[in-house]
Amino acid sequence: MNELKALESLGLTLPSPAYLVGALLFGLVGYIAYRRGRKNAQPVLTWTGVALMVYPYAVSHTGLLWAVGAGLSAWVYTQWKP
């Protein structure tokens, strides 16, 4: 427990469960979009998938993570061609 206090004194905190679930969910959606884009030669879908997998590393607020993830996932949905 002292290690956790030491990390908190340095300004490092553990992410909330909602953040972890969102990062995992949007990373999975991004991976699926990336694979589908590569398979069907759809660069928009491929790069949106990459963005979905990478952006959780740049966002630290849970609400922003969910807002950006929902927007990018909606974009994947509109670009998905059967």
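Above: the structure in question.
Let us look at the structure shown here. Note that this is a predicted model, so its numbers are computed, not measured.

## Quick notes on the environment of Ser-60
Right, on to step 1. Position of Ser-60 relative to the elements: it lies in the loop between helix H3 (43–54) and helix H4 (62–79).
Right, on to step 2. The exposure class assigned to Ser-60 is exposed, which follows from its relative accessible area of 62%.

## Regarding the side chain of Thr-46
Right, on to step 1. Examined against the element boundaries, Thr-46 turns out to sit in helix H3.
Right, on to step 2. Residue Thr-46 is classed as buried on the basis of its relative accessible area of 9%.
Right, on to step 3. The contacts of Thr-46, once residues within four sequence positions are left out, are Ala-33, Tyr-34, Gly-37 and Arg-38.

The rules behind these values
- Residues numbered from 1 in each chain as written.
- Predicted model: local features only at pLDDT ≥ 70, side-chain atom pairs only at ≥ 80, totals over all residues.
- Heavy atoms only, no water.
- Helix = DSSP H or I, 4+ residues; strand = E, 2+ residues; numbered from the N terminus.
- Buried < 20%, exposed > 50% of the residue type's maximum accessible area, 1.4 Å probe, protein only.
- Contact = heavy atoms within 4.5 Å.

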